[in-house]
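A closer look at the structure
Below are the chains, spelled out letter by letter.
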Amino acid sequence: MAPLIYSALIISLGLGTTMTFASTHWYLAWMGIEINTLAIIPLMAQNHIPRAIEATTKYFFIQATASATLLFASISNAFLTGQWDITHTPYTLTSTLITLALAMKIGLAPLHSWMPEVMQGLNLLTGLILSTWQKLAPLYLIYQIQPNNPDIFIALGILSILVGGWGGFNQVQLRKILAYSSNAHLGWMILILSFSPPLALLTIMIYILMTFSLFSSFMLTRTTHINSLATTWAKVPILTISTPLVLLSLGGLPPLTGFMPKWLILQELTKQSLSPLATMAALSSLLSLYFYLRLSYAMTLTMPPNNPAGTLPWRLNPRHNTLPMALTTTSTICLLPMTPTIMSLLPF
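Residues numbered from 1 in each chain as written. Predicted model: local features only at pLDDT ≥ 70, side-chain atom pairs only at ≥ 80, totals over all residues. Heavy atoms only, no water.

1. Describing the overall build of the chain
- Regarding its fold elements, the chain presents 16 helices and zero strands.
- Scaling as 2.2 N^0.38, a compact globule of 348 residues should have a C-alpha radius of gyration of about 20 Å, and the chain matches this with 20 Å.
- Contacts in the chain between residues at least 24 apart in sequence constitute 77% of all its contacts with a sequence separation of at least 6.
- Within the chain, one finds 13 positive and 6 negative side-chain charges whose respective centroids are separated by 20 Å. (Helix = DSSP H or I, 4+ residues; strand = E, 2+ residues; numbered from the N terminus. Rg over C-alpha atoms; globule rule 2.2 N^0.38 Å. Contact = heavy atoms within 4.5 Å. Lys, Arg positive; Asp, Glu negative; His and termini not counted. Charge placed at Lys NZ, Arg CZ, Asp CG, Glu CD.)

As structure tokens, then:
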């Protein structure tokens with residue numbers, strides 16, 4: 001893809017999300033999401049292979065369906081209330097339709113089945129954009145329309161945590177595993193959104209940090225299959241140590257950064273007298289932890305293949321700038337002691 005066209009698409013991605021963030025009118029917010037969708041489709045189809053074209057087509061149809069539902073629900077809400085204000089959705093039917101349409105856009109269970117298949121057809125960079133940036137605008141709208149009854153958020157959250165754990169069990173393709181991982185983490189965020197929006201913001205920020213670090217590691221080693229993880233030591237030896245720690249952080253093990261949001265969410269659910277819900281969420285996260293441990297085992301404890309004679313890949317200069325990966329990996333591993341400071345910066 002030509003650099004000028006690529007730059008224009010990246011700017012359009014940023015413009016669409018920014019337009020949604022700045023909107024108080026449903027129509028403008030919908031336009032921002034549509035700009036976002038139309039900007040990422042050429043990025044998804046830039047590899048002219050059947051799998052990428054299939055993934056792009058699936059993504060387009062799913063997003064078109066969700067956008068049509070969102071537009072219909074927002075028009076219905078404006079017809080019933082007489083205004084287009086995003087925060088004014090007093091009717092249960094329209095707010096539920098809007099929530100489900102946005103859940104389809106970001107891939108929350110039970111509207112998640114498109115996400116792993118689409119991720120599998122993309123390269124790692126586009127998959128990173130789809131897993132992080134493309135979720136910000138719909139999540140902002142979900143945050144704005146929080147219904148009076150949080151039951152729908154609780155149902156979507158618990159179901160997403162369960163599906164994200166079960167779905168990744170027998171997967172060997174890393175992109176599908178990352179799609180189910182995204183599903184599970186979004187479930188945690190949606191689960192707490194009705195009770196503590198700042199905590200939901202902290203959760204999505206740490207999720208983006210950890211996901212960027214993991215995708216960067218896989219892009220550096222060009223790894224897309226679980227069997228390829230055993231060759232990491234020959235390409236970038238330090239990743240044999242750091243990437244398993246990032247995976248365990250995604251699983252929420254202390255003393256890593258990923259433990260912070262889960263710990264605070266379980267604490268908040270307990271304060272809201274929802275101990276059974278907190279217990280169910282904690283037990284469901286063990287499912288996700290299993291496949292993170294499986295990936296860590298595949299990277300560190302399996303026998304690597306024999307290297308042919310010649311210069312080892314790690315002796316060659318890397319083609320990618322590794323500074324962002326180094327910074328995010330360090331943050332993914334070491335931020336847990338900073339929890340009191342981080343909490344003081346957010347309006348808890």
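There's plenty left to go through after this.
2. A word on the UniProt feature "transmembrane region" (unreviewed entry) in the chain
- The UniProt feature table records "transmembrane region" (unreviewed entry) at residues 57–79, 91–111, 123–146, 152–170, 201–221, 233–253 and 273–293.
- Between the end C-alpha atoms of residues 57–79 the distance is 33 Å, and the span holds 100% helix and 0% strand.
- Within the segment residues 123–146, helix and strand shares are 83% and 0% respectively, and the terminal C-alpha atoms sit 34 Å apart. (UniProt positions renumbered as here; feature names shortened; annotations may be inferred.)

3. A short note on the domain arrangement of the chain
- Its domain assignment divides the chain into domain 1 (1–148) and domain 2 (155–306 + 322–347).
- Summarising the inter-unit geometry, the C-alpha centres of domain 1 and domain 2 are found 23 Å apart.
- When domain 1 packs against domain 2, the two sides together hide about 2400 Å² of surface, and 77% of this comes from carbon and sulfur.
- Summed over the shared surface of domain 1 and domain 2, the number is one salt bridge.
- Residue Lys176 pairs with Glu117 through a salt bridge whose shortest N-O separation is 3.5 Å.
- Elements with a minimum of two residues in the side of domain 1 that touches domain 2: α4 (92–106), α5 (114–120), α6 (124–131) and α7 (133–144).
- Per-class residue counts for the side of domain 1 that touches domain 2 are 16 nonpolar, eight polar and two charged. (Domains from an automatic or database assignment. Buried area = accessible area lost by both parts, 1.4 Å probe. Salt bridge = Lys/Arg side-chain N within 4 Å of Asp/Glu carboxyl O. Nonpolar A, V, L, I, M, F, W, Y, C, P; charged D, E, K, R; others polar.)

4. Here's the deal with the environment of Ile226
- Tracing the sequence through the fold places Ile226 in the loop between α10 (197–221) and α11 (232–235).
- It is 11 Å that separates the C-alpha atoms of Ile226 and Tyr292, two residues lying 66 residues apart in sequence.
- Setting aside its immediate chain neighbours within four residues, Ile226 contacts Val172, Leu174, Arg294, Leu295 and Ala298.

5. Looking at the packing of aromatic side chains
- Applying the stated criterion across every chain, the model contains eight aromatic pairs.
- When the ring of Phe21 is compared with that of Tyr140, the centres are 5.2 Å apart and the planes differ by 65°; the resulting orientation is edge-to-face. Taken together, the residues span a long stretch of sequence, with Phe21 in helix α1 (residues 3–21) and Tyr140 in helix α7 at a distance of 119 residues.
- Both rings, one in Phe169 and one in Tyr290, keep their centres 4.8 Å apart while their planes meet at 35°; by these two values the pair is tilted. (Phe/Tyr/Trp six-rings, centres within 6.5 Å; stacked < 30°, edge-to-face > 60°.)

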